[in-house]
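Working through the structure, step by step
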Amino acid sequence: DCVSTRSGWDAPEMRLDVVQHGGSQTLLIEGRIDSDLSAPLETLLARHPEIGTIYFNASGGDLAGAMAAGRVLRSAGVFEVNVPAGASCVDACALLFFSGTVRSVDPTAVFDLGRFYQGESGPDNAVDVARQSLAVSNYLIRMGVSRRLLTGTLDRDGALPAGAPRQCLTSAELHGYNVANWNE
């Protein structure tokens, strides 16, 4: 099933917390991804240069903001990113997750790219959807994730009947698309 069992992923406000985890610091990102995440993230990373791991439990939010914040994370260093047991990382969170150099998703976690474009559907919006798709595709390439993820999720979601429940990426898909490059 594609249902999160950990609370906090659907919080309307984004939360960034730094916790001591063993000998290093871990950043926890929860809630809705803000469009202006880059600036507070840069400030937080400057104050906590010992952060080596990032845990995600988030959903939705701003796709462009997530990609901008992902570029901040990637340029700041090498991070291990993880979606822990029962947590959720979908939509904008998934794009931010791709910034990690070592990426893992617990088998009980919810992970899906979701709808990778924002806006209304219809012929007038086709150019905007194409532009957003190109931006996401370029971002995936830069983060080392297969562009096949886009077509794979589109094909899968397009085959579902209207109102069908969300379909999460399987372990085989996570590794096949290089979303997860480390086994949990």
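Refer to the preceding data block for the structure.
These lines cover the structure that appears in this document, whether it is placed above or below. This is a predicted model, so every value here is computed, not measured. (Residues numbered from 1 in each chain as written. Predicted model: local features only at pLDDT ≥ 70, side-chain atom pairs only at ≥ 80, totals over all residues. Heavy atoms only, no water.)

**Quick word on the overall build of the protein**
The number of helices and strands found in the protein is 6 helices and 7 strands. Ordered by position from the N terminus, the helices and strands of the protein form the series β-β-α-β-α-β-β-α-β-β-α-α-α. The proportion of buried residues among the 184 residues of the protein is 46%. Of the roughly 9,100 Å² of accessible surface on the protein, 52% is carried by carbon and sulfur atoms. (Helix = DSSP H or I, 4+ residues; strand = E, 2+ residues; numbered from the N terminus. Buried < 20%, exposed > 50% of the residue type's maximum accessible area, 1.4 Å probe, protein only. Areas by Shrake-Rupley, 256 points an atom, 1.4 Å probe, with all protein chains shown as cover.)

**Side note on the pairing of strand β4 (residues 80-83)**
Note: strand β3 (residues 51-61) against β4, 3 bridges, orientation parallel. If you follow Ile54 over to β4, its bridge partner there is Val81. In this fold, the crossover linking β3 to β4 by way of helix α2 (residues 63-76) has right-handed handedness. Looking at chain direction, β4 and strand β6 (residues 102-105) are connected through 4 bridges and run parallel. Directly across from Glu80, in β6, lies its bridge partner Val102. (Pairing = 2+ DSSP bridges. Right-handed = clockwise from strand over helix to strand, strands pointing away.)

**Re the nonpolar core**
By size, the foremost hydrophobic cluster in this structure holds 46 residues, and its most contacted members are Phe56, Phe97, Phe98, Phe111 and Val179. Those elements giving two or more residues to this core turn out to be β2 (24-33), α1 (38-47), β3, α2, β4, α3 (92-97), α4 (126-143) and α5 (148-158). With near-sequence residues (within four places) excluded, Phe111 lies in contact with Val83, Cys89, Val90, Ala94, Phe97, Phe98, Val105, Cys168, Leu169, Leu174 and Val179. (Core = buried A, V, L, I, M, F, W, Y, C linked by side-chain atoms within 4.5 Å. Contact = heavy atoms within 4.5 Å.)

**Observations regarding the packing of aromatic side chains**
Considering all chains together, one arrives at 4 aromatic pairs under this definition. Judged by centre distance (5.8 Å) and plane angle (75°), the rings of Phe56 and Phe97 are edge-to-face. Here Phe97 lies in helix α3 and Phe56 lies in strand β3, a separation of 41 residues in the sequence. For Phe56, a relative accessible area of 1% gives the class buried. Taking the relative accessible area as the measure of exposure, Phe97 reaches 0% and is therefore buried. Where Phe97 meets Phe98, the ring centres are 6.4 Å apart and the plane angle is 70°; that geometry is what we call edge-to-face. With a relative accessible area of 0%, Phe98 lands in the buried category. Here a set of aromatic residues connected by ring pairs shows up, and it is made of Phe56, Phe97, Phe98 and Phe111. (Phe/Tyr/Trp six-rings, centres within 6.5 Å; stacked < 30°, edge-to-face > 60°.)

**Here we look at the side chain of Thr26**
Tracing the backbone shows Thr26 in strand β2. Other than its neighbours up to four places away in sequence, Thr26 contacts Asp17, Val18, Val19, His21, Thr53 and Tyr55.

**Digging into the state of the cysteines**
One pass over the structure, following the stated rule, counts 1 disulfide. Each disulfide pairs two cysteine sulfurs, and for Cys89 the partner residue is Cys93, the sulfurs being separated by 2.2 Å. Here the disulfide of Cys89 and Cys93 is left-handed, its torsion about the S-S bond being about -105°. Its relative accessible area of 0% is what places Cys89 among the buried residues. (Disulfide = S-S within 2.5 Å.)

**Quick notes on the packing of α1 against α2**
Put simply, α1 and α2 touch, their axes get as near as 9 Å, and they point 20° apart. One finds that α1 runs roughly parallel with respect to α2. In this structure, α1 crosses over α2, and the sense of that crossing is right-handed. Between α1 and α2, the residues in contact are Ser38, Leu41, Glu42 and Leu45 and Gly65, Ala68, Ala69, Val72, Leu73 and Ala76, respectively. Within the contact of α1 with α2, the residues separate by chemical class into 7 nonpolar, 2 polar and 1 charged. (Axes fitted to C-alpha atoms, helices over the stretch in contact; angles between N-to-C directions. Parallel < 35°, antiparallel > 145°, perpendicular 65-115°, else oblique. Left-handed = near helix turned anticlockwise from the far one by under 90°. Nonpolar A, V, L, I, M, F, W, Y, C, P; charged D, E, K, R; others polar.)

**Some points on the environment of Asp106**
Its place among the elements puts Asp106 in the loop between β6 and β7 (110-112). Here Asp106 falls in the buried class, since its relative accessible area comes to 14%. Polar side-chain contacts of Asp106 include one of 2.5 Å to the side chain of Thr108. (Polar contact = N/O pair within 3.5 Å; in protein donor to acceptor, adjacent residues only side chain to side chain.)

None of this, on its own, says anything about what the molecule does.
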